[in-house]
Amino acid sequence: MSDDPITASGSWVPDACTLPTAEQPLRLAEFDQFFRTAVRDANRLSAEHLRLRLDGAARVEETARELAARESSCCSFFAFDIARSGAELLTLDVRVPAAHVGVLDALAERVAAARGRR
C-alpha cells in the first residue's frame, strides 16, 4: 500500500504531487489522450514496474518524453525510461519505489480504462 493516498477524485495523482491542483485535470486529460492513442500493450512486470508498449511514431516518442519530463518534475518518485524497439514500437517503463505502488496501481488502471475506450 502506498504512503501517498490517491486524491479524493479517484485519480492516480498522489497527494504528494507538487503540480498545482488547478492544473491536475489538464495533465490527467493529456495522459488519458496519450494512453488512448499511443499505448498498444501494458504489462505489469512487478509491483513497482509497469511497461507500456507504444506506437513507434516520432510524435508519440516526443509526447512520451515531454509528459515523462513534466511528470517527473512534480512527482519525483516516478522513474520513466523510453526505448525504441524498432521503427514500429517504443517501450515506456514506469517505475516507482515500494512506498508508491498504490500510485502505479491507479496509473495502470487508468491505462486500462483509456485503452478500453478506443
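Residues numbered from 1 in each chain as written. Predicted model: local features only at pLDDT ≥ 70, side-chain atom pairs only at ≥ 80, totals over all residues. Heavy atoms only, no water.

Colleague: Just checking my understanding: could you explain the pattern of salt bridges for this structure?
Modeller: Pairing of side chains with opposite charge becomes possible as their charged atoms draw close. Counted under the stated rule, the structure contains ten salt bridges. Taking the shortest distance from any N to any O, the salt bridge between D32 and R110 comes out at 2.8 Å. Of this pair, D32 sits in helix α1 (residues 24–38) while R110 sits in helix α3 (residues 101–116), and the two are 78 residues apart along the sequence. What makes R110 partly exposed here is its relative accessible area of 23%. D105 is the partner of R44 in a salt bridge, and the nearest nitrogen-oxygen pair spans 2.7 Å. Placement of the pair is R44 in strand β1 (residues 39–46) and D105 in helix α3, with a sequence separation of 61 residues. Given the relative accessible area of 34%, R44 is considered partly exposed. Look at D105 and you get partly exposed, because its relative accessible area is 32%. Residues participating in the shared-partner salt-bridge network are E30, E66 and R70. (Salt bridge = Lys/Arg side-chain N within 4 Å of Asp/Glu carboxyl O. Helix = DSSP H or I, 4+ residues; strand = E, 2+ residues; numbered from the N terminus. Buried < 20%, exposed > 50% of the residue type's maximum accessible area, 1.4 Å probe, protein only.)

Colleague: Is there a simple way to think about α3 in this case?
Modeller: One full turn of an α-helix is made of 3.6 residues, so residues set three or four places apart face in the same direction. For α3, with 16 residues, the first-to-last C-alpha span of 23 Å sits near the 22 Å given by 1.5 Å per residue. Of the positions making up α3, those classed as buried are V101, G102, V103, L104, A106, L107, A108, V111 and A114. Where α3 is buried, its residues meet α1, β1, β2 (49–55) and β4 (89–95). (Expected span 1.5 Å × (residues − 1). Contact = heavy atoms within 4.5 Å.)

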